[in-house]
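Close look at the chain arrangement
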Amino acid sequence: MSRHAQFKFRLYVAGDALNSAQARANLAALCRAHLAGRYQIDIVDVFKEPKRALADAIFMTPTLVKLAPLPERTIVGTLSQTQTVLQALGLFGVSA
């Protein structure tokens, strides 16, 4: 994987629920620390876009999907265990 690859994430949240707020904050902090200037985050609120969540097969929130670079990876939860999240998303060893 290129050190300069652009990362694209989609985070599915349930409104302002505590777990969703934690996931948003944790993802933003992780990206700032490990992918500075090389990431895009799209937030999908399943309350506002329930049909999209169903079409994308999202049944739990918060759910994070790494869309790019491939392979696509998915992780569910608040993303509070940074090292575990990095490994699950295939980002272990990637730094800014």
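Note: the structure precedes this text.
Residues numbered from 1 in each chain as written. Predicted model: local features only at pLDDT ≥ 70, side-chain atom pairs only at ≥ 80, totals over all residues. Heavy atoms only, no water.

**Re the sheet that holds strand β4 (residues 73-76)**
Read across the open sheet, the four strands follow the order β2-β1-β3-β4; overall the sheet is mixed. Sheet topology places β2 (39-45) and β4 at the edges, where each strand pairs with a single neighbour. Each strand of the sheet is rotated relative to its neighbour by a mean of 20°, with strand direction disregarded. (Pairing = 2+ DSSP bridges. Helix = DSSP H or I, 4+ residues; strand = E, 2+ residues; numbered from the N terminus. Axes fitted to C-alpha atoms, helices over the stretch in contact; angles between N-to-C directions.)

**Here we look at the pattern of salt bridges**
Side chains that differ in sign of charge can pair as their charged atoms come close. As enumerated under the stated definition, the model contains four salt bridges in all. With a shortest N-O distance of 3.9 Å, Arg 24 and Asp 16 are connected by a salt bridge. Take Arg 24: its relative accessible area is 27%, and that puts it in the partly exposed class. Note that Arg 52 is salt-bridged to Asp 56, the shortest N-O span being 3.6 Å. (Salt bridge = Lys/Arg side-chain N within 4 Å of Asp/Glu carboxyl O. Buried < 20%, exposed > 50% of the residue type's maximum accessible area, 1.4 Å probe, protein only.)

**Notes on the nonpolar core**
Ranked by size, the top nonpolar core spans 17 residues in total, and within it Phe 9, Leu 11, Leu 27, Leu 64, Leu 79, Leu 89 and Leu 91 carry the most contacts. Breaking this core down by element, the ones donating at least two residues are β1 (7-13), α1 (18-34) and α3 (82-88). Once you skip the residues sitting within four places of it in the chain, Leu 11 turns out to touch Ala 23, Arg 24, Leu 27, Asp 42, Ile 43, Val 44, Pro 62, Thr 63, Leu 64 and Leu 79. (Core = buried A, V, L, I, M, F, W, Y, C linked by side-chain atoms within 4.5 Å. Contact = heavy atoms within 4.5 Å.)

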